[in-house]
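Results of the structural survey
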Amino acid sequence: MPISDDVILDDLKSAKLVFAASDKTVDCTETDTVLNVAKSNGIVIPSGCTFGVCGTCKVKKKSGQVHMIHNGGISDEDIEDGYILACCSNPVGTVEVDI
Ligand code: FES
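Report follows, based on the coordinates. (Residues numbered from 1 in each chain as written. Predicted model: local features only at pLDDT ≥ 70, side-chain atom pairs only at ≥ 80, totals over all residues. Heavy atoms only, no water.)

**Points about the pattern of salt bridges**
Inspection of every chain in the model, using the stated rule, returns two salt bridges. Salt-bridge contacts for Lys16 lead to Asp27; the nearest nitrogen and oxygen are separated by 3.8 Å. Of this pair, Lys16 sits in strand β1 (residues 14-19) while Asp27 sits in strand β2 (residues 24-29), and the two are 11 residues apart along the sequence. Since its relative accessible area comes to 29%, Lys16 is described here as partly exposed. Classification of Asp27 by relative accessible area gives partly exposed; the value is 32%. Note that Lys58 is salt-bridged to Asp78, the shortest N-O span being 2.7 Å. (Salt bridge = Lys/Arg side-chain N within 4 Å of Asp/Glu carboxyl O. Helix = DSSP H or I, 4+ residues; strand = E, 2+ residues; numbered from the N terminus. Buried < 20%, exposed > 50% of the residue type's maximum accessible area, 1.4 Å probe, protein only.)

As C-alpha cells, then:
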C-alpha cells in the first residue's frame, strides 16, 4: 500500500477516487471533480462542455456517493442506474468509478 505524502489542509475534506478499470486509487478532496482528478492522473474521460450539459463525460459509478450538480446532461434513469457526469461530480468519501 503506497504511503500518501499529501498534505491535507484543515478546511478541505479529503476524499478518495478509485478508478477500477485503470487500477488506480487517488487521494483528492471533496471539492475536486471526478474529471479533473482523472485528468491529472493520466486517465482519459472524454469530455465536452465541462458543466453538465453535453453528457459526454458520463461514467458508471460502482460504489460511494458523489455530489453532482448538472445542467440536464444526464437522465434520471441513468442516475438511478448509477451513472454520473464526471465534470460536475465531487466525490464524497470514497467513490469507485468504472473507468
Ligand atoms: S463534459 Fe459535458 S456534461 Fe460533462
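**Observations regarding the environment of Val97**
For Val97, the position within the fold is in strand β5 (residues 89-97). Using a relative accessible area of 0% as the deciding quantity, one classes Val97 as buried. Measuring from C-alpha to C-alpha, the distance between Val97 and Ser22 comes to 9.6 Å, with 75 residues separating the pair along the chain. Once residues lying within four places of it in the same chain are set aside, the contact partners of Val97 are Val18, Phe19, Ala20, Ala21, Val59, Lys60, Lys61, Lys62 and Ile84. (Contact = heavy atoms within 4.5 Å.)

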